[in-house]
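A look at the structure
Residue strings, one per chain:
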Amino acid sequence: SASSATTSQINALRSAGGYLRVGGFSHQGLIEQLEYEGFSNEDATYAADNCGADWNMQAAKSAEMYMKVKGLIEQLEYEGFTAEQAAYGADSVGL
């Protein structure tokens, strides 16, 4: 329960909430992102297990983002950019 959570678990949970609001993450992907941020596997797993995420909704968010990226990259390639340049362009705008 949250009342028995450590400070680092609570911090990981807060961070997880921020990630879930902006992008689509799988349970494992969220753990890996939190670990990348510096949380221990235990704290990251706690956060993923207790964040209340609707993983189906997260999958839908992720799919939507990939569709936007794919569409943008295809459009840039159509305009004559290389695949590498198109991917860089998509990355530069946060996709």
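Residues numbered from 1 in each chain as written. Predicted model: local features only at pLDDT ≥ 70, side-chain atom pairs only at ≥ 80, totals over all residues. Heavy atoms only, no water.

For the chain, the count of helices and strands is five helices and zero strands. Helices (α) and strands (β) of the chain occur, in sequence order from the N terminus, as α-α-α-α-α. A compact globule built from 95 residues should have a C-alpha radius of gyration of about 12 Å, whereas the chain, at 17 Å, is more than 25% larger. Referenced to the eigenvectors of the C-alpha coordinate spread, the extents of the chain come out at roughly 55 × 25 × 15 Å. (Helix = DSSP H or I, 4+ residues; strand = E, 2+ residues; numbered from the N terminus. Rg over C-alpha atoms; globule rule 2.2 N^0.38 Å.)

Looking now at helix α2 (residues 27-37). Those residues of α2 that fall on the buried side of the exposure criterion are Leu-30, Ile-31 and Leu-34. Along the axis of α2, the buried positions cluster into a sector of 100 degrees, meaning they face one direction only. Looking at the buried positions of α2, the neighbouring elements they touch are α1 (7-22), α3 (41-50) and α4 (55-78). Backbone geometry just downstream of α2 places Gly-38 in the positive-phi region, at approximately 115 degrees. (Buried < 20%, exposed > 50% of the residue type's maximum accessible area, 1.4 Å probe, protein only. Arc of directions from axis to C-beta. Contact = heavy atoms within 4.5 Å.)

For the rest of this paragraph, the subject is the nonpolar core. Core analysis: the largest hydrophobic core is formed by eleven residues, namely Ala-12, Ala-16, Leu-20, Phe-25, Leu-30, Ile-31, Leu-34, Phe-39, Ala-44, Ala-47 and Ala-48. In this view, Leu-30 contacts Ala-16, Tyr-19, Leu-20, Phe-25, Ala-48, Cys-51 and Trp-55; residues no more than four positions away in its chain are not counted. Listed in part, the five residues of the second largest apolar core include Val-69, Ile-73, Ala-86 and Ala-90. (Core = buried A, V, L, I, M, F, W, Y, C linked by side-chain atoms within 4.5 Å.)

Of note, Ser-15 is situated in helix α1. In this structure Ser-15 comes out as buried when scored by relative accessible area, which is 16%. Leave out the neighbours within four places in its chain, and Ser-15 touches Leu-34, Glu-37 and Phe-39.

The subject of this paragraph is the packing of α1 against α2. Viewed as axis vectors pointing N to C, α1 and α2 meet at an angle of 120 degrees, and their least axial separation amounts to 10 Å. Considered as vectors, α1 and α2 are oriented oblique to each other. Every pair of crossing elements has a handedness; the one defined by α1 and α2 is right-handed. Across from Ala-12, Ser-15, Ala-16, Tyr-19 and Leu-20 in α1, the residues of α2 making contact are Leu-30, Gln-33, Leu-34 and Glu-37. (Axes fitted to C-alpha atoms, helices over the stretch in contact; angles between N-to-C directions. Parallel < 35°, antiparallel > 145°, perpendicular 65-115°, else oblique. Left-handed = near helix turned anticlockwise from the far one by under 90°.)

Keep in mind these values describe shape, not function.
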